[in-house]
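# Topology and contacts: notes
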Amino acid sequence: MKAYSLTNLKELEAEAIYIIREVAAEFQNPVMLYSIGKDSSVMVRLAEKAFYPGKVPFPLMHIDSKWKFREMIEFRDNYAREKGWDLIVHYNKEGFEAGIGPFTHGSKVHTDVMKTQALLQGLDKYKFDAAFGGARRDEEKSRAKERIFSFRDRFHQWDPKNQRPELWDIYNAKVHKGESIRVFPLSNWTELDIWQYIRLEKIPIVPLYYAKERPVVNLDGNLILVDDDRMPEEMRQRAEMRKVRFRTLGCYPLTGAVESEADTIEKIVEEMMTITKSERTTRVIDFDQEASMEQKKREGYF
Amino acid sequence: MNEKTNIKNDGFTAAENSAPVNPSEPLRSSDTAEGGMDILAFLNQDQQKDLLRFLTAGSVDDGKSTLIGRLLFDSKKLYEDQLSALERDSKREGHAGDDIDYALLTDGLKAEREQGITIDVAYRYFSTARRKFIIADTPGHEQYTRNMVTGASTANLAIILVDATAGVITQTRRHTFLVSLLGIKHVVLAVNKMDLVGYSQEVFDKICNDYRNFITQLDIPDVHFIPLSALKGDNVVEPSQKMPWYHGKSVLEFLEIIHINSDRNFNDLRYPVQYVLRPDHDFRGFSARVASGIIRRGDTIKVLPSGKTSKIRSVVSYDGDLEYAFPPQSVTVTLEDEIDISRGDMLVHPDNMPHVERHFEAMLVWMDEKPMDLSTNYFIKHTTNTTKVRIDEVRYKVDVNTLVKSKLDWLSLNDIGRVVLTTTKPIFFDPYRKNRQTGSFILIDPITHNTCAVGMIIDRLSIKDLPSRITDADREKIANGQPLVSEAVRTTRYNQRGSTIWITGLHGSGKNELAFILERNLFEKGAVVVSLDGSSVRSGLNRELDFSPADRAEHLRRVAHVCRLLNDQGIIAVCSFISPDASLRKQVAQIIGEARFHLIYMDATMEFCRKNKPELYEKADRGATEFLPGVDLPFDRPENACFAFNPEKNSENVEVILDYLAEKKIFPFA
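What counts, and at which threshold
Residues numbered from 1 in each chain as written. Chains lettered and ligands numbered in written order. Predicted model: local features only at pLDDT ≥ 70, side-chain atom pairs only at ≥ 80, totals over all residues. Heavy atoms only, no water. Helix = DSSP H or I, 4+ residues; strand = E, 2+ residues; numbered from the N terminus. Contact = heavy atoms within 4.5 Å. Areas by Shrake-Rupley, 256 points an atom, 1.4 Å probe, with all protein chains shown as cover. Polar contact = N/O pair within 3.5 Å; in protein donor to acceptor, adjacent residues only side chain to side chain. Pairing = 2+ DSSP bridges. Axes fitted to C-alpha atoms, helices over the stretch in contact; angles between N-to-C directions. Parallel < 35°, antiparallel > 145°, perpendicular 65-115°, else oblique. Left-handed = near helix turned anticlockwise from the far one by under 90°. Buried < 20%, exposed > 50% of the residue type's maximum accessible area, 1.4 Å probe, protein only. Core = buried A, V, L, I, M, F, W, Y, C linked by side-chain atoms within 4.5 Å. Expected span 1.5 Å × (residues − 1). Arc of directions from axis to C-beta. Salt bridge = Lys/Arg side-chain N within 4 Å of Asp/Glu carboxyl O. Phe/Tyr/Trp six-rings, centres within 6.5 Å; stacked < 30°, edge-to-face > 60°. Lys NZ or Arg CZ within 6 Å of the ring centre and 35° of its normal. Nonpolar A, V, L, I, M, F, W, Y, C, P; charged D, E, K, R; others polar.

### So, the overall build of chain B
Helices and strands together make up the secondary structure of chain B, namely 19 helices and 27 strands. Of all intrachain contacts in chain B linking residues separated by at least 6 positions in sequence, the fraction that spans at least 24 positions is 72%. Looking at chain B as shown, the accessible area adds up to about 29,500 Å², and 48% of this sits on carbon and sulfur atoms.

If you want it as C-alpha cells, here you go:
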C-alpha cells in the first residue's frame with residue numbers, strides 16, 4: 001500500500017484551503033484582497049479549490065493605486081470577467097483627484113495615500129471583518145513573525161507586541177465590531193513554492209513576469225518601465241529597450257525590472273535558483289527607512 | 001490505492017515517481033546554480049519534496065541564532081543583499097564582535113533588535129533537495145514560555161541547544177518539558193560550542209548521560225544527540241573532521257532523513273465538519289480537513305452528535321474525485337443519505353468513537369496577562385466547534401523548571417497546570433497523546449477575545465470520577481461544621497424527605513409487624529429507609545439500660561437522636577417502640593422535630609396483646625418481671641396520633657401509611 005503522505009506543495013495547499021474555509025465559516029463579511037500579482041493568483045486558485053464545486057462565497061477587492069502597470073489592469077479585467085468573479089475595485093478618490101503620484105510626491109506619500117489609505121477606506125466602506133492577503137513569511141523580516149490570523153484594531157493597526165497566540169491550526173476568529181483580522185493563507189509558502197505551484201496548476205499570470213523587450217529607464221539603479229506618459233518627459237527620453245521581467249508587481253514607478261532571458265516558468269525558476277538578490281530588492285518602497293515594512297504594517301498596510 | 005477504480009489520486013502522494021536520491025549526497029542549491037542541473041529535472045524533483053516543521057529552543061547564549069543562520073546560509077537561502085545588509089548590521093549593532101552576527105537575521109522586529117533578544121516566534125524557510133523545512137524559532141526566556149509552546153504546537157521535531165561549556169541546565173529541562181508537553185516525538189539535543197571544550201568526547205558523553213537521566217520522567221519516544229559548533233560549522237551541514245569519535249549525522253543530514261510521516265494518526269477517523277457546501281439543490285457537501293484516520297468512498301460513517309449513520313458517496317476535490325482522503329488533506333465529502341449536518345459536527349467510523357463528553361481534564365498553559373478567573377465562562381474552540389467552558393478546578397500547577405507540582409487556585413501568564421473543565425455542550429475528543437488534532441483546544445476570553453489559554457486533553461474522566469470542586473464558600477461551611485450536601489440536594493437525589501414514622505403500642509400489639517412490612521414496602525418502592533426497634537437498639541447501643549422509667553427515658557432520648565441524625569441526612573426512619581409515657585413521646589418529637597415526627601398508635605386490646613405474648617404477660621402477672629406497660633406501668637393512650645390502627649388489618653394499615661406519606665410529599669417527594 002502506498003504511504004499516506006503529501007508533498008510539500010500539497011500540504012501547503014491543504015493548509016491554505018483549511019484556512020480559507022475557516023474564514024468563510026467564522027466571519028460575517030470577509031474579502032479577499034487581490035493585487036493581481038503571482039501570489040494573489042495562487043491565493044485565488046486556492047479559494048476556488050476550497051469551495052469547489054461551489055463558487056467562492058466572498059468578493060475579491062483590488063486596491064487600485066492608479067499607478068499599476070497597464071498590463072496588470074488589463075489582465076485583472078479579462079480574468080475577472082472570464083471567471084465571473086465578484087470583484088470590487090477601490091481607489092482613493094481624493095488622492096487621485098489631488099493628483100498624488102510617485103513622480104510628483106515621492107514614494108512615501110504616494111504609498112501612504114494611494115495604497116495604505118486606499119486600503120483602509122475600502123475595508124471601512126464595505127465593513128469587512130476579515131481580509132485575506134497573499135503575504136508570505138519568507139518575504140521580509142517583520143513578516144516572519146506574522147500570525148496567520150493577524151488581529152487589527154479598530155484603526156486597522158498591527159501591534160507586534162500584542163498579537164494573539166496561535167497554536168496548532170486552531171484560529172481565533174472572535175472580533176468586536178470594527179475590529180478585523182487579516183488572514184494570510186500563504187504564510188508558509190516560499191517564492192519557489194509559488195512558482196512551482198503556478199507551473200503545476202497552470203495558473204495564468206500577468207505577462208510582465210516573463211522576460212520581453214521593454215522600454216525601461218535606469219533610475220538610481222532601478223530599471224523602471226515606461227508604462228505611460230505620466231513619467232516625466234526628461235526621464236522618458238532616457239528610455240532604452242532591454243529584455244527585462246518583473247519579480248514582483250506593484251506601482252510601475254516603484255517596481256524595478258530585472259534584466260532576464262526567462263520567458264517561461266521553468267526559466268524563471270532556474271533564474272531564481274541562481275539569483276543572488278532577494279525579491280524585495282526590486283521594491284523601491286522598502287528602502288525608504290529602516291524597518292520600513294514593520295512601520296507600514298503598524299499603520300495598517302499589509 | 002484501490003486499483004479497480006480510475007478515480008485519480010495522483011499528485012497527492014509524495015516521492016513515488018521521483019528520481020532516486022542518494023542520501024549521502026544531499027543536493028545543495030549551489031548544485032543547480034553552478035552545476036547546470038537540468039531545470040525540469042530539478043522542478044520535478046522539487047515538487048516531490050515533503051515538509052518538515054521543526055522547533056529550535058535555546059537561550060541567547062547557546063548559539064541558536066547562529067545555528068539557524070548557518071543552516072540558512074549554507075543552504076544558500078540567504079541572498080547577497082541580505083548578506084551584505086547582515087555584514088553591515090553586524091558591525092553596527094551586532095553582538096558577535098567582528099564576526100557576522102547570524103542572530104541579526106532571525107531577530108526581525110525593531111524592538112527586539114534594540115534589546116538584542118528574540119521576543120516572539122519567527123518562522124524561517126529553507127530547503128534542500130530532499131525536503132522543505134520550516135523552522136519555528138522561539139526564545140528561551142522564562143517569561144516567554146507561551147512563545148515556545150506556540151512554536152512547538154506545529155512542529156514535528158525539536159532541536160534543543162545546549163552550551164557544551166554549561167551542560168544540561170535548568171533551561172534545557174524547561175525546554176524539554178515543554179516539548180514533551182506539546183507531544184513532539186523527536187528531539188535532537190544539539191550540544192553546541194564543542195570548539196570551546198576542545199571537541200571532547202568526555203564532555204559530550206557526560207551531557208548526553210545527564211540528559212538521558214532527566215528525560216526518563218518525560219514522554220519523548222525518540223531522542224538523538226549531535227555534538228557541533230555552529231560558529232565554526234562543525235556538524236551543522238557537513239560532518240566534522242574534528243570529532244572523529246562521533247559517527248552520527250550532521251544536523252542537516254539528520255533533518256533530511258528523519259521519518260516523520262508515521263507520527264500522524266491514520267487509524268481513528270475524525271472528520272470535523274468545517275463548512276457545508278450547498279451550491280445548488282443537487283449538491284450537499286461537507287468540507288473538512290481530515291484530522292486523523294482515512295475517509296474512504298463507501299465507508300459507513302456515523303455523525304456526531306446526532307448519531308445518525310450513512311455512507312460516503314464521494315470524496316470530492318477540485319482536482320477530481322478521490323478514492324480516499326487522509327490527514328492533513330482538505331476535501332469535501334457527500335453522503336448517500338440526506339442528514340442534517342452542520343459545522344462542528346464530526347464524521348467517524350461507528351466502531352471507533354471519540355469521547356463525547358462535557359467533562360474532561362487537560363494540561364492548560366495560560367497565555368494571557370489577565371490571570372485565570374474561575375467565575376468566567378470562557379469560549380473554547382476545539383476542532384471546528386466553539387462553545388462555552390467553565391474551569392472547575394486547578395488540580396495542580398507544574399513548575400517548568402523543577403517539574404514539581406503544587407496546589408494553586410488559578411493560573412497566571414506562562415503557568416502550566418492540570419485543570420478540570422466543563423463545557424456547555426458535549427465535545428468530541430481524544431486524548432492529546434493519541435490525537436493532536438482532536439486533543440487540543442484554545443480558550444478565548446469572552447470580553448477581550450484574546451486567546452488566553454491553550455490546552456491538551458489528558459484523558460476522559462467520567463463524572464463520577466471527578467473530584468468535586470471546593471469553593472471558598474465550601475471551605476467556610478466545612479470550617480463551621482456545615483455539610484456540603486444540602487437538604488435540598490438529598491431530597492432530589494432520594495426523592496424523599498427525611499422523616500420518622502414512630503409506632504407506639506403495648507407489647508404484642510403488632511408494632512413490629514407493621515414496621516417491618518412498611519420498611520420493606522418503602523424499600524421496594526425505592527425509598528432510603530432504616531428501621532429501629534427496641535430489641536435491636538437495646539442489644540448494642542443501649543445495652544446498659546434497663547426497663548425502669550428513668551432508663552426508659554434515656555433509652556428513648558438516644559433513639560430520638562439517632563432518628564434525628566438519620567432524618568437530617570434525608571433518610572426515613574421507621575421506629576417501633578412501646579414508649580408508654582405521653583411526656584416522653586412529646587420529648588422524642590421535640591428532639592426529632594415536630595414536623596418530621598409522625599406518630600402511629602397500634603390500638604390493640606389487652607386480650608389481643610396477651611394472646612400474642614402470653615409468656616411475658618404471665619411473668620408480669622406472677623411478679624417475676626416488673627415495669628411492663630399495661631400491667632404494672634401505665635400506658636398513656638396517645639391523643640395526637642396520626643392513625644390509630646387495628647392490628648388485625650396490618651396490610652391495609654401499610655397502604656394507609658403509604659398514601660399518607662405520598663400525600664405529605666414525604667415519599668415520593670416528586
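What follows picks up the thread again.
### A closer look at the side chain of D137 of chain B
Inspection of the secondary structure assignment puts D137 of chain B in strand β3 (residues 131-137). At 3.5 Å, the side chain of D137 of chain B forms a polar contact with the side chain of T56 of chain B.

### Some remarks on the sheet that holds strand β8 (residues 222-225) of chain A
All names here are of chain A. Strand order in this open sheet of 4 strands is β8-β7-β9-β10, and the pairing throughout is antiparallel. With partners counted over all chains shown, the strands left at the sheet margins are β8 and β10 (258-259), one partner each. Inspection of the sheet shows strand β9 (residues 240-245) paired to β10 by 2 bridges, in the antiparallel sense. Opposite R245, over in β10, you have V258 as the bridge partner.

### Re the packing of helix α7 (residues 145-153) of chain B against helix α8 (residues 170-181) of chain B
Residues and elements named next belong to chain B. For the pair α7 and α8, the least separation of the axes is 9 Å and the interaxial angle reads 45°. Classified by the angle between their axes, α7 and α8 sit oblique to one another. Read as a crossing pair, α7 and α8 show a hand that is right-handed. In this structure, α7 uses T145, M148 and V149 to contact α8, whose residues at the interface are H175, L178 and V179.

### Side note on the sheet that holds strand β6 (residues 222-227) of chain B
All names here are of chain B. An order of β2-β3-β1-β4-β5-β6 is seen for the 6 strands of this open sheet, with the pairing classed as mixed. Strands with a single pairing partner mark the edges of an open sheet, and in this sheet they are β2 (122-127) and β6. Between one strand and the next, the sheet's axes are offset by a mean angle of 25°, whatever the strand orientation. In this sheet, β3 lies alongside β2 in antiparallel orientation, the contact comprising 6 bridges. Bridge pairing in β3 places Y125 opposite I134. Across the face of the sheet, α7 comes into contact with β1 (50-57), β2 and β3 while running at roughly 160° to β1. Contacts between helix α9 (residues 201-215) and the sheet are confined to β4 (157-163), β5 (186-192) and β6, with β6 contributing the most and set at about 160° to the helix.

### As for the pairing of β3 of chain B
Residue and element names in this part refer to chain B. Of all the 7 residues making up β3, 7 are buried; the element is thus mostly covered by neighbouring parts of the structure. Residues R131, F133, I135 and D137 line one face of β3 and the alternating positions K132, I134 and A136 line the opposite face, and both faces are buried. Relative to β3, β1 runs parallel, the two being bridged by 7 bridges. Counterpart to R53 in the pairing with β3 is I134.

### Let's talk about the nonpolar core
With 161 residues, the main nonpolar core has F149 and W189 of chain A together with F54 and I159 of chain B as its most contacted residues. Considering each element in turn, this core owes the most residues, 9 residues, to helix α1 (residues 8-26) of chain A. Those residues within four positions of F54 of chain B in sequence are excluded, and the remaining contacts are L71, F126, F133, I134, I135, A136, A155, L157, I159 and L255 of chain B.

### Structural notes on helix α3 (residues 70-83) of chain A
All names here are of chain A. Its 14 residues place the ends of α3 20 Å apart at the C-alpha level, agreeing with the 20 Å of an ideal helix rising 1.5 Å per residue. Burial in α3 covers these residues: M72, F75, R76, Y79 and A80. The arc that holds every buried residue of α3, seen down its axis, measures 120°, which confines them to one face. Turned more than 90 degrees off the buried face of α3, the exposed positions are R70, E74, R81 and E82. In this structure, the buried residues of α3 make contact with α2 (38-51), β2 (60-63) and β3 (87-90). The positive-phi residue at the C-terminal boundary of α3 is G84, with phi of around 70°.

### Quick look at the pattern of salt bridges
Where charged atoms from two side chains of opposite charge come close, those side chains can pair. Residue and element names in this part refer to chain B. By the definition in use, this model includes 55 salt bridges over all chains. D445 is the partner of K370 in a salt bridge, and the nearest nitrogen-oxygen pair spans 2.8 Å. Within this pair, whereas K370 is found in the loop between β16 (355-366) and β17 (377-382), its partner D445 is found in the loop between β21 (440-444) and β22 (451-460), the two being separated by 75 residues in sequence.

### Considering the packing of aromatic side chains
Taken as a whole, this structure holds 38 aromatic pairs over all chains when the rule is applied. Measuring from ring centre to ring centre gives 6.2 Å for F69 of chain A and Y252 of chain A, while their planes differ by 55°; the resulting arrangement is tilted. Remark: Y252 of chain A occurs in the loop between β9 and β10 and F69 of chain A occurs in the loop between β2 and α3; sequence separation between them is 183 residues. Relative to W245 of chain B, the ring of F204 of chain B has its centre 5.5 Å away and its plane inclined at 40°; by these criteria the two rings are tilted. Residue F204 of chain B is located in helix α9, and its partner W245 of chain B is located in the loop between β6 and α10 (251-257); the two are separated by 41 residues in the primary sequence. An identical accessibility class is assigned to F204 of chain B and W245 of chain B; each is buried. A cation sits over an aromatic face here: K66 of chain A above F96 of chain A, 5.1 Å from the ring centre.

### Some remarks on unusual backbone geometry
With an omega of 0°, the peptide bond running from P327 of chain B to P328 of chain B counts as cis. Looking at the element boundaries, P328 of chain B is found in the loop between β13 (324-325) and β14 (330-335). Residues F667 of chain B and P668 of chain B are joined by a peptide bond in cis, for which omega reads -10°. Take P668 of chain B: it is sitting in the segment after α19 (650-663). One non-glycine residue, D220 of chain A, adopts positive backbone phi at about 50°. Relative to the helices and strands, D220 of chain A is located in the loop between β7 (212-219) and β8. For D220 of chain A, a relative accessible area of 80% gives the class exposed. Positive phi values are uncommon outside glycine, yet N414 of chain B reaches one of about 70°. Mapping N414 of chain B onto the fold places it in the loop between β19 (405-406) and β20 (416-429).

### Brief notes about the pairing of β8 of chain A
Residue and element names in this part refer to chain A. Burial along β8 is two-sided: N222 and I224 and L223 and L225, pointing in opposite directions, are all buried. The pairing of β7 with β8 spans 4 bridges and is antiparallel. Paired with N218 across the strands is L223, a residue of β8. Between β7 and β8, which pair antiparallel in sequence order, lie 2 residues; one of them, D220, sits at a positive phi of approximately 50°.

### Let's talk about the side chain of K64 of chain B
Residue and element names in this part refer to chain B. By secondary structure assignment, the location of K64 is in helix α3 (residues 64-74). On the basis of relative accessible area, K64 is assigned to the buried category, the value being 4%. A polar contact of 2.7 Å, which involves the side chain of K64, links it to the side chain of D137.

### What to know about the packing of helix α6 (residues 191-201) of chain A against helix α2 (residues 39-46) of chain B
Remark: α6 of chain A packs on α2 of chain B, axes separated minimally by 11 Å, with the N-to-C direction vectors making an angle of 100°. Taken as axis vectors, α6 of chain A and α2 of chain B run roughly perpendicular relative to one another. Each of L192, Q196 and R199 of chain A in α6 of chain A lies in contact with α2 of chain B, whose residues at this interface are L40, F42, L43, N44 and D46 of chain B. Each residue belonging to the contact of α6 of chain A with α2 of chain B can be placed in one class, and the counts come to 4 nonpolar, 2 polar and 2 charged.

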